[in-house]
Amino acid sequence: MTQLRHPGKSRDCFHYRLAKQRQIPAFVGMTIILLALCSPVAAQQSLPPAPYAYKQLEDPRQEAEAQTLMETLRCLKCQSQSIADSDAPMAGDMRHQVRSRIAAGEEPEAIRAWLVARYGDYVSYAPAVSETTWPLFAIPVLLLLGAIAVIWRRVGRRS
Amino acid sequence: MIAELGLAALWLAAALAALQLVTGFLAVKESGGEMAVLVRPAAMVQGLLCAAAFVMLLWLFVITDLSVKLVAMNSHSDKPLIFKLSGAWGNHEGSMLLWITVMALAGGLIALLERRLPERTMMATLGAQAFVGLGFYAFLLFSSNPFERLPQPAVEGLGLNPLLQDIGLAMHPPTLYFGYVGLSVAFSFAVGALLTRQVNPDFARAMRPWVLGAWIFLTLGITAGSYWAYYELGWGGWWFWDPVENASLMPWLAATALLHSASVLAARDALRVWTIMLGVVAFSMSMVGTFLVRSGILTSVHAFAVDPERGTFILALLAIYIGGALVLFALRAGSIAEGDRFSVSSREGALVVNNVMLSAILGIVLLGTLYPLLTEAFDVRVSVGPPYFNPVGAVFVFPMLIVMAVGPLLRWRQDDWQRVKRPLIATGLVTLATLVLAMMPGSIDLLPLLGLAFATGLAIASFLPLRGRALLRVPLATWGMVIAHFGIAVALFGMASESAFSQEKLAAVKVGESTRVGPWQVALAGVEPVAGPNWTAIEGRLLAMHDGGEAIELDPQARNFWAPPQETTESALATRWNGQLYAVIGNEAGQGRWQLRLWWKPFVTFIWYGGLLVALGGLLALIGRLSADLKRRAVYARAEARQRGVHA
């Protein structure tokens with residue numbers, strides 16, 4: 001009812017919390033741990049967060065790698081927040097996924113690919129050049145050329 | 001009764017806007033027509049009526065009149081007074097009323113004060129202002145009436161979103177709206193000048209204070225919004241490239257470009273067409289921002305499609321104003337000469353390059369913001385975020401920073417590179433040295449590296465225009481430029497440093513235990529429940545010691561609001577001159593341990609100090625320009641009086 005329209009960054013996260021009990025199963029079944037435990041859905045409420053949701057990896061190099069990756073993954077239940085910036089339980093679960101996979105020696109790009117395969121391109125903040133995203137890269141190139149052209153014309157027009 | 005009075009005031013104001021529109025354009029068609037005397041008073045009274053309507057809405061919130069729908073939906077009798085007041089504009093209808101009030105007051109102010117421009121151009125400007133105003137009145141009265149009554153008064157209000165119950169955020173939307181509305185005045189000036197084809201330095205001087213004022217407010221609004229997100233969202237992020245943030249950044253970029261090109265027009269009578277174009281673009285960006293934030297399209301394109309009334313309304317207004325202005329521009333631009341020519345190695349030349357760069361950055365932000373909405377309409381969901389905006393924007397930002405360092409040193413019209421070679425080479429060497437120094441640890445990414453180096457170079461370069469001048473005789477406007485450019489360097493340094501040197505620590509700690517983050521030793525001294533007027537919370541008592549120094553107490557909270565029910569984290573910050581310790585308490589982690597999130601962010605505060613410096617620079621420039629205008633006016637008045645004396 002109360003609509004927070006403007007600074008809605010974490011609005012959906014909060015809605016998410018309010019809506020925990022009536023969650024859509026697609027999102028509940030998202031991590032391996034939750035897959036094992038997700039029914040009945042209400043039980044999720046009493047679950048502690050996945051171990052690596054709020055815990056860093058021992059190896060600082062691995063943690064840095066995980067952090068860099070997490071900052072480029074979208075919290076699917078939030079508005080414009082990465083999973084590194086969110087209190088939403090789902091973001092916590094995804095952080096756990098990323099950290100435990102990095103710890104197991106997986107490459108960050110392999111983890112991204114795995115997540116994209118699961119949730120689609122939407123989960124990655126770093127758009128890859130593809131059929132649907134090429135204008136995102138073509139237009140800046142055009143802008144660059146246009147900028148050079150405008151400045152060039154000015155250079156030609158000496159007083 | 002109060003609600004009805006407010007509504008009546010709004011309708012009257014709308015009627016006056018219609019009068020102002022008709023009489024204004026009649027006065028343009030035949031100058032000296034009798035109707036022209038009505039235009040200025042109509043604008044002034046309209047401003048007063050809107051202000052009255054807004055005060056009535058504030059009053060309804062103060063007394064929590066629950067028979068008014070807006071109050072019942074957004075307020076609560078338990079709320080502290082300040083948040084009852086801010087609740088008046090913390091919602092769609094109220095914020096649109098605030099927008100139109102500020103706009104009407106601005107219109108009244110130009111009607112009252114502005115006498116420099118030819119009267120015909122003034123009439124056209126006020127007519128355009130009324131035209132823009134009418135659209136917003138229609139929007140407010142037909143689809144977003146803030147004074148609507150409920151059939152049955154509510155028993156209790158639903159409350160204001162807890163995230164909004166924060167003093168910083170109470171002030172944030174009004175600040176941005178002042179900025180948006182200032183740009184609407186610039187737009188009206190541009191349309192007025194297009195209609196009468198009188199684009200000259202006087203036009204730029206009349207428009208400039210409004211652009212400067214708008215720009216100062218936008219700068220403050222963005223800075224405050226960023227700091228709010230930083231401490232309120234609880235994860236230490238300060239910019240998310242969220243569409244709502246971009247909605248405030250885009251008008252700022254356009255206003256920055258407009259400000260600089262208006263300066264060229266005022267000083268050198270060049271860049272006429274370009275300045276008009278930017279005037280139209282800047283207000284378009286305000287409208288796009290309003291559309292994005294107000295239409296609900298951001299939550300989901302499909303949600304927008306289900307309840308499209310408001311969104312469609314704003315979209316229609318956007319199409320009418322922007323489309324109309326662009327058509328007018330296309331018709332008239334050919335008949336307006338571009339103005340004086342200049343060489344590329346001149347201050348105008350540098351300003352043109354910067355204008356082009358700013359426009360390109362604006363284009364990228366606009367593209368990245370709208371593209372996901374566009375694809376979503378075709379059921380393809382893509383995310384565009386920092387990994388896109390940062391590098392793609394940087395392609396344009398870094399060249400712009402170079403021009404920003406060089407440009408102010410150059411003379412108008414034509415300059416010789418030899419004259420400014422030495423200080424520039426010195427600055428370049430310092431930049432390079434910083435870059436090499438920052439590369440030493442080998443762990444910093446490219447963009448923060450460049451950021452650190454360019455920030456250092458720009459910080460030095462921004463003071464070079466003062467070289468060899470008697471500091472007390474430097475005009476205030478020049479000081480403003482120097483400080484604003486220095487502010488950009490400071491902010492850039494903060495951003496780069498935050499990204500390069502931040503340290504994070506997530507820990508589960510028992511009471512009595514402690515943990516380390518960067519140079520800080522943080523002990524959890526206790527955890528207690530506390531209660532506020534409309535929330536309860538778990539409060540952690542942390543004792544933080546910087547390098548074994550004295551302990552500072554920090555009290556982060558995890559709050560539970562009950563109207564409406566929501567959880568928020570209240571972070572606690574320890575600020576030193578060289579950075580901030582950022583502490584958040586999370587949930588209980590079992591066995592009596594509590595989740596702590598700690599960050600040490602070196603020089604992060606420079607981001608907002610920089611923003612404040614930029615705004616301060618704008619303020620100095622505004623004061624300098626206005627006082628120069630007043631002096632000029634006094635000189636003209638005296639000359640006129642003397643002439644009259646001669647004739648008599």
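Residues numbered from 1 in each chain as written. Chains lettered and ligands numbered in written order. Predicted model: local features only at pLDDT ≥ 70, side-chain atom pairs only at ≥ 80, totals over all residues. Heavy atoms only, no water.

### Comments concerning unusual backbone geometry
Residues and elements named next belong to chain B.
- A positive phi angle, close to 60°, is found at R197, a residue other than glycine.
- Inspection of the secondary structure puts R197 in the loop between helix 7 (167-196) and helix 8 (201-232).
- Of note, F603 is a non-glycine position whose phi angle comes to about 60°, a positive value.
- For F603, the position within the fold is in the loop between strand 10 (593-602) and helix 18 (606-647). (Helix = DSSP H or I, 4+ residues; strand = E, 2+ residues; numbered from the N terminus.)

### Comments concerning the interface of chain B and chain A
- Contacts between the two partners involve 67 residues from chain B and, on the opposite side, 51 residues from chain A.
- Between chain B and chain A, a total of about 5400 Å² is buried, with carbon and sulfur atoms accounting for 63% of that surface.
- The largest per-residue losses of area from chain B upon contact with chain A belong to W235, S383 and L506 of chain B, which jointly make up 13% of the total buried on that side.
- Across the chain B-chain A interface, the total number found is one salt bridge.
- Between D87 of chain A and R597 of chain B there is a salt bridge, with the nearest N and O atoms lying 3.1 Å from each other.
- Our count for the chain B to chain A interface comes out at nine residue pairs in polar contact (both at pLDDT 80 or more).
- Of the residues forming the side of chain B that touches chain A, the biggest block, 11 residues, is contributed by helix 13 (residues 347-377) of chain B.
- A per-class count over the side of chain B that touches chain A returns 38 nonpolar, 18 polar and 11 charged. (Contact = heavy atoms within 4.5 Å. Buried area = accessible area lost by both parts, 1.4 Å probe. Salt bridge = Lys/Arg side-chain N within 4 Å of Asp/Glu carboxyl O. Polar contact = N/O pair within 3.5 Å; in protein donor to acceptor, adjacent residues only side chain to side chain. Nonpolar A, V, L, I, M, F, W, Y, C, P; charged D, E, K, R; others polar.)

### Notes on the domain arrangement of chain B
Residue and element names in this part refer to chain B.
- For chain B, the domain assignment lists domain 1 (1-160) and domain 2 (503-602).
- For domain 1 and domain 2, the distance between their C-alpha centres works out to 44 Å.
- With seven residues of domain 1 at the contact, the number on the domain 2 side is five residues.
- Note on domain 1 versus domain 2: buried area summed over both sides is about 370 Å², and carbon and sulfur give 58% of it.
- Between domain 1 and domain 2 we count zero salt bridges in total.
- At the boundary of domain 1 and domain 2, one finds zero residue pairs in polar contact (both at pLDDT 80 or more).
- When its residues are assigned to classes, the side of domain 1 that touches domain 2 shows three nonpolar, two polar and two charged. (Domains from an automatic or database assignment.)

### Quick notes on the sheet that holds strand 10 of chain B
Residues and elements named next belong to chain B.
- Spatial strand order, 1-10-9-8: four strands in an open sheet with antiparallel pairing. Two strands lie at the open edges of the sheet, namely strand 1 (503-510) and strand 8 (572-576), each paired on one side alone. In this sheet, neighbouring strand axes are inclined to one another by 20° on average, regardless of whether the strands run parallel or antiparallel.
- Across five bridges, the pairing between strand 8 and strand 9 (residues 579-590) is antiparallel. Each residue of the ladder has a partner; that of A572, found in strand 9, is A583. (Pairing = 2+ DSSP bridges. Axes fitted to C-alpha atoms, helices over the stretch in contact; angles between N-to-C directions.)

### Section: the packing of helix 14 (residues 386-406) of chain B against helix 16 (residues 446-461) of chain B
Residues and elements named next belong to chain B.
- Contact pair helix 14 / helix 16: the axes reach a minimum separation of 10 Å and the direction vectors enclose 20°. Between helix 14 and helix 16, the angle is such that the two are roughly parallel. Between helix 14 and helix 16 lies a crossing whose hand is left-handed. Residues N390, P391, A394, F398, L401, I402, M404 and A405 of helix 14 form the contact with helix 16, whose own contacting residues are L447, L450, G451, F454, L458 and A461. (Parallel < 35°, antiparallel > 145°, perpendicular 65-115°, else oblique. Left-handed = near helix turned anticlockwise from the far one by under 90°.)

### As for helix 16 of chain B
All names here are of chain B.
- With 16 residues, helix 16 extends 22 Å between its outermost C-alpha atoms, agreeing within 8% with the 22 Å of an ideal straight helix rising 1.5 Å per residue.
- Looking at helix 16, one finds that the buried residues are P448, L449, G451, L452, A453, F454, A455, G457, L458, A459 and A461.
- Considering only its buried residues, helix 16 is in contact with helix 14, helix 15 (417-439) and helix 17 (476-501). (Expected span 1.5 Å × (residues − 1). Buried < 20%, exposed > 50% of the residue type's maximum accessible area, 1.4 Å probe, protein only.)

### Observations concerning the pairing of strand 3 (residues 520-531) of chain B
Residue and element names in this part refer to chain B.
- Across four bridges, the pairing between strand 2 (residues 514-517) and strand 3 is antiparallel. Within strand 3, the position partnered with R516 by the bridge is Q521.
- Hairpin remark: strand 2 followed by strand 3, antiparallel, with two residues in the connecting loop; positive phi at G518, about 55°.
- Between the end of strand 3 and the start of strand 4 (residues 535-546), which pair antiparallel, lie three residues.

### Here's the deal with the packing of aromatic side chains
- Counting across every chain of the model gives 31 aromatic pairs over all chains.
- Chaining the aromatic ring pairs together yields one cluster made of Y54 of chain A together with Y227, Y230, Y231, W235, Y582, W599 and W608 of chain B.
- A cation over a ring is seen here: R347 of chain B above W412 of chain B, with NZ or CZ 5.0 Å from the ring centre. (Phe/Tyr/Trp six-rings, centres within 6.5 Å; stacked < 30°, edge-to-face > 60°. Lys NZ or Arg CZ within 6 Å of the ring centre and 35° of its normal.)

### Notes on the nonpolar core
- In this structure, L97, W99, Y137, F189, F203 and W215 of chain B are the most contacted members of the largest nonpolar core, which totals 186 residues.
- With 16 residues, helix 8 of chain B is the single largest residue contributor to this core.
- Built from parts of two domains, this core gets at least three residues from each of domain 1 (1-160) and domain 2 (503-602) of chain B.
- Y137 of chain B has contacts with L10, A13, A14, A17, Q46, C50, I100 and A104 of chain B, leaving out every residue within four places of it along the chain.
- Of all hydrophobic cores here, the second largest spans 21 residues; its members include A66, C75, L76 and V123 of chain A. (Core = buried A, V, L, I, M, F, W, Y, C linked by side-chain atoms within 4.5 Å.)

### Considering the pattern of salt bridges
All names here are of chain B.
- Scanning the entire structure with this criterion turns up 18 salt bridges over all chains.
- In this structure, E348 and R268 form a salt bridge, with 2.6 Å as the shortest nitrogen-oxygen distance. Within this pair, whereas E348 is found in helix 13, its partner R268 is found in helix 9 (residues 243-268), the two being separated by 80 residues in sequence. Of the two residues, E348 and R268, neither departs from the other in class, the shared state being buried.
- One salt bridge in this structure joins R419 and D415, with 2.8 Å as the shortest N-O distance.
- With a relative accessible area of 9%, D415 lands in the buried category.
- Several salt bridges share partner residues, and in doing so they unite E114, R116, D629 and R632 into one network.

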